[in-house]
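The lines below spell out each chain.
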Amino acid sequence: MRALFLFGLTAYLAVSTAAAVEVGVARVDITPTHPVVLAGYGSRTVEHEGIDTRIWARALAIGSREPVLRLAVDNCGVPDPMTAAVVERLGARAGLDDRRVVICSTHTHNAPSLPGYANVLWGGRTTSEQEANMERYGAWLTERLVEVGLDALSRRREATLEWGLGRVEFGGNRRVMQGGTWRGFGFQIDGPVDHSLPVLLARDGDGKPFAVWTNYACHCTTLGARNRIHGDWAGYSNDAIEASFPGVIALTTIGCGADVGPQPSGSDGAAKSHGNAIAREVRRLVDAGLEPLAG
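Peer 1: I'd like to hear about the pairing of strand β8 (residues 181-185), residue by residue, with values.
Peer 2: In the sheet, strand β7 (residues 175-178) pairs with β8 via four bridges, with the strands oriented antiparallel. When the sheet's bridge partners are listed, Gln178 is paired in β8 with Thr181. Adjacent in sequence and paired antiparallel, β7 and β8 are bridged by two residues, among which Gly179 carries a positive phi angle near 60°.

Peer 1: Let's hear about the side chain of His48: which residues, and what values?
Peer 2: Mapped onto the fold, His48 is located in the loop between β1 (21-29) and β2 (56-62). Setting aside chain neighbours within four positions, we find His48 in contact with Pro32, His34, Pro35, Val36, Leu38, Asn227 and Ile229.

Peer 1: Could you give an account of a nonpolar patch on the surface, naming the residues involved and the relevant values?
Peer 2: A cluster of nonpolar side chains, contributed by Met177, Trp182 and Phe185, occupies part of the molecular surface with about 320 Å² of accessible area. When you line up the elements, Trp182 lands in strand β8.

Peer 1: Can you explain the packing of helix α5 (residues 232-244) against helix α6 (residues 268-288)? Please cite residues and give values.
Peer 2: For the pair α5 and α6, interaxial distance at closest approach is 7 Å and the crossing angle is 45°. In terms of orientation, α5 and α6 fall into the oblique class. Crossing hand, α5 versus α6: right-handed. The segment α5 lies against α6, with Asp232, Trp233, Tyr236, Ser237, Ala240, Ile241 and Ser244 engaging Asp268, Ala271, Lys272, His274, Gly275, Asn276, Ile278, Ala279, Val282 and Arg283. Split by residue class, the contact of α5 with α6 holds eight nonpolar, five polar and four charged.

Rules used in this analysis
- Throughout, residues of each chain are indexed from 1 in the direction in which the sequence is written.
- Per-residue local features are limited, in this predicted model, to residues with pLDDT of at least 70; the limit for side-chain atom pairs, both in listing and counting, is 80 or more; totals at the level of whole chains, interfaces and linings are taken over all residues.
- Side-chain descriptors were evaluated using all non-hydrogen atoms of the structure, hydrogens and water having been removed beforehand.
- Between any two strands, at least two bridges found by DSSP are needed for them to pair.
- Helix and strand definitions follow DSSP, with helices as H or I runs of at least four residues and strands as E runs of at least two, each counted in order from the N terminus.
- Any two residues whose heavy atoms approach within 4.5 Å are treated as being in contact.
- Exposure above 30% relative accessible area and the lack of any salt bridge qualify a residue for a patch; like charges then connect within 9 Å, and the nonpolar side chains Val, Leu, Ile, Met, Phe, Trp and Tyr within 5 Å.
- The accessible surface values rely on the Shrake-Rupley method and a 1.4 Å probe; as for residues, cover is taken only from the protein chains in view.
- Salt bridge, as applied in this entry: a Lys or Arg side-chain nitrogen positioned within 4 Å of an Asp or Glu carboxyl oxygen.
- Every axis in this analysis is a line fitted to C-alpha atoms, fitted for helices over the stretch in contact. Angles between the N-to-C directions lie between 0 and 180 degrees.
- Orientation categories follow fixed angle ranges, with anything under 35 degrees roughly parallel, anything over 145 roughly antiparallel, 65 to 115 roughly perpendicular, and all other angles oblique.
- Should the near helix be turned anticlockwise from the far one by less than a right angle, the crossing is left-handed, and should it be turned clockwise, the crossing is right-handed.
- Only Asp, Glu, Lys and Arg are considered charged, only Ala, Val, Leu, Ile, Met, Phe, Trp, Tyr, Cys and Pro nonpolar, and every remaining residue, Gly among them, polar.

Shown next, in the form of structure tokens:
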């Protein structure tokens, strides 16, 4: 809901701005440099065993005098205390408050667990050493989020904004129902799914795209419980969009995925295929012509 809210806020700011809107975008590597327990699956009992892909935090700043800042984090979830700490530091250094900062995770289940995240899953199960490593990563990530937010703010320039609405169909309802009773996770082919793909694009004064934000309502769980760092389909979506539009920084977020999971799942190839599907739809929408918002 927070991601959808900021899409609406972005559109409001854009159409309310005379002549042009300032936009800045940035990213920073948040791949852990020490062992840490991964979020997402309770079957994991040891810290991560390798790195398949790098993971990132990305920031999109829109507006001049009262900008909004959107942070997209390759992570399963950012607890409220970390969000508060990031907002407080951004407030001290850039004058932002919690009305103008939104942090949204890609919800990849192959990124570090953070202190205070999913206590119902991890409470009492981690060792003191694992908790210390989580605290260490959490403190480091907090600084990285502040850093990338300030970087996006500092990179703001006059831009035009465009938007479009596409469709991607790899999301499938994962709540298997029989006779009105839940029978476990799987693929409920006739279950409700939102396949819509909203896209926001920023162009510089020469008309060249430099930022793309897209959102798809689906869990980032293609890889399953392999105990390795990976950005899953959202990470591959960003990679593929950036390859399709040289010079662009892409932000892929998830919407109200609830009981929607990627189909098929279980492999790196499937995750890459899902990410490529999003990038192809973004490319199609841009080539067909997006709707102007401001500029």
